[in-house]
Amino acid sequence: MKVSDDGTVTFVQGRLEISIRPMTDEELNRQFTSASSGQESSLNPYTYGDWVDPELGEVPPRFTVFRLRVKNYMYPKIQVDPMKAVIIAQNGRQYAPLGLAQLDEYYQKFITGYTGNRYSAHHERMAIARNSGFHGEPVFSGQEKDGFVVFPLLHPDVGRIELQLRQVALRFGVWGEPLEQIDVAYTFVREIGRVGPDGKVKTRL
């Protein structure tokens, strides 16, 4: 493992690199600038955009998001399935990733009808998630791929976590079945900040 100044943690095996980096809401809003404005109409699938919670007086976090990047210059192909990832907190809590189906279900509750502006906004929001997510396709020799992996918001008392990428496939048989798999674990410490007037702890990775 190697750790970069920007907080990226990279698993290195020969000329294979698998990197994980926790993303802040500010970074995600800059990534999708045009989709992160409009208050409640924000189309950013990962944050609340520029909407400010009137009770908190600030923008609350929506999800826990990581950027996953794979550089494969060693194997004929490898495969990292983000839906096999898991976050394990030091208190034993486990958090499973949210795929496109789960994100779609989460945002469905904001649609009041299947025509008009709200449905169109939902379609645009999900298109951003589809285009920017890490979907687990094989990464062939000489290729690099990256995208976001989304988890539910961590509980306020969670300080130390381990993100596990399970069953990363490195070698395959003639029928495409995995012959060699490994689990890769990344450890992060979450800074737990002040308690707000609402009694909630302000935290960040």
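The structure presented is a predicted model; accordingly, all values stated were derived computationally and were not measured.

Undergrad: Hey, could you run me through the overall build of the chain in this one?
TA: What the chain contains, in helices and strands, is 3 helices and 13 strands. For the chain, the residues scored as buried account for 42% of the 205 residues in total. In the chain, 61% of the contacts between residues at least 6 apart in sequence involve partners at least 24 apart. Summed over all atoms, the accessible surface of the chain reaches about 11,200 Å², with 50% contributed by carbon and sulfur.

Undergrad: Sorry, what's going on with the pairing of strand β4 (residues 64-72) here?
TA: In terms of burial, β4 is largely enclosed, as 7 of its 9 residues are buried. As defined by bridge partners, strand β3 (residues 16-23) adjoins β4 across 8 bridges and the pair is classed as antiparallel. Residue pairing across strands places I18 opposite V70, the latter belonging to β4. Two strands pair when backbone bridges link them, and β4 and strand β9 (residues 143-151) are joined in this way by 9 bridges, in the antiparallel orientation. Residue pairing across strands places R69 opposite D146, the latter belonging to β9.

Undergrad: So what exactly am I meant to see when it comes to the packing of aromatic side chains here?
TA: Applying the stated criterion to the full structure yields 8 aromatic pairs. Centroid distance F32 to Y46: 5.9 Å. Interplanar angle 40 degrees. Geometry classified as tilted. Here the residue F32 occupies a position in the loop between α1 (25-31) and β4, and Y46 occupies one in the loop between α1 and β4, the gap between them amounting to 14 residues. Residue Y46 is classed as buried on the basis of its relative accessible area of 1%. Site record: aromatic cluster; members linked through ring pairs are F32, Y46 and F148. Above the ring of Y48, the side-chain terminus of R62 is found at 3.9 Å from the ring centroid.

Undergrad: Which parts of the structure should I look at to understand the sheet that holds strand β2 (residues 9-13)?
TA: In a beta sheet, neighbouring strands are held together by backbone hydrogen bonds and run either parallel or antiparallel to one another. In space, the 5 strands of this open sheet follow the order β1-β2-β3-β4-β9, with antiparallel pairing throughout. The outermost strands of the open sheet, each flanked by one partner alone, are β1 (2-3) and β9.

Undergrad: Would you explain the nonpolar core in this entry?
TA: For soluble globular proteins, nonpolar side chains are generally found buried alongside one another. Among the nonpolar cores identified, the biggest contains 30 residues, and I18, I78, V80, L165 and Y186 are the most heavily contacted of them. Those residues within four positions of Y186 in sequence are excluded, and the remaining contacts are M1, V9, F11, I18, S19, I20, I161, E162, L163 and L165. Listed in part, the 16 residues of the second largest apolar core include L28, F32, Y107 and V150.

Undergrad: Would you take a moment to explain the sheet that holds strand β11 (residues 178-189) for this structure?
TA: On the basis of which strands lie adjacent, the open sheet formed by 4 strands has the order β7-β6-β10-β11 and antiparallel pairing. Of all strands in the sheet, those with a lone pairing partner are β7 (94-95) and β11, marking the two edges. Here strand β10 (residues 160-172) pairs with β11 via 10 bridges, running antiparallel. Within β11, the residue paired with V168 across the bridge is I182.

Undergrad: Would you take a moment to explain the pattern of salt bridges for this structure?
TA: Tallied over the entire structure, the rule returns 7 salt bridges. Of the charged contacts in the structure, one is a salt bridge between E17 and K2, with a shortest N-O distance of 3.8 Å. With a gap of 15 residues between them, E17 in strand β3 and K2 in strand β1 connect regions that are remote in the sequence. Take E17: its relative accessible area is 22%, and that puts it in the partly exposed class. K2 sits in the partly exposed class, given a relative accessible area of 41%.

Undergrad: I tried to follow the side chain of T8 on my own but got confused; where do I start?
TA: As for its placement among the helices and strands, T8 is situated in the loop between β1 and β2. Polar side-chain contacts of T8 include one of 2.9 Å to the side chain of D6. Those residues in contact with T8, other than ones at most four positions away along the chain, are K2, V3, S19, I20 and R21.

Undergrad: Hey, could you run me through unusual backbone geometry in this one?
TA: Backbone geometry at Q167 places phi at a positive 55 degrees, although glycine is not the residue there. With respect to the helices and strands, Q167 occurs in strand β10. On the basis of relative accessibility, which here comes to 39%, the residue Q167 falls in the partly exposed class.

Cut-offs applied
Residues numbered from 1 in each chain as written. Predicted model: local features only at pLDDT ≥ 70, side-chain atom pairs only at ≥ 80, totals over all residues. Heavy atoms only, no water. Helix = DSSP H or I, 4+ residues; strand = E, 2+ residues; numbered from the N terminus. Buried < 20%, exposed > 50% of the residue type's maximum accessible area, 1.4 Å probe, protein only. Contact = heavy atoms within 4.5 Å. Areas by Shrake-Rupley, 256 points an atom, 1.4 Å probe, with all protein chains shown as cover. Pairing = 2+ DSSP bridges. Phe/Tyr/Trp six-rings, centres within 6.5 Å; stacked < 30°, edge-to-face > 60°. Lys NZ or Arg CZ within 6 Å of the ring centre and 35° of its normal. Core = buried A, V, L, I, M, F, W, Y, C linked by side-chain atoms within 4.5 Å. Salt bridge = Lys/Arg side-chain N within 4 Å of Asp/Glu carboxyl O. Polar contact = N/O pair within 3.5 Å; in protein donor to acceptor, adjacent residues only side chain to side chain.

Treat this as a map of the structure, not an account of what it does.
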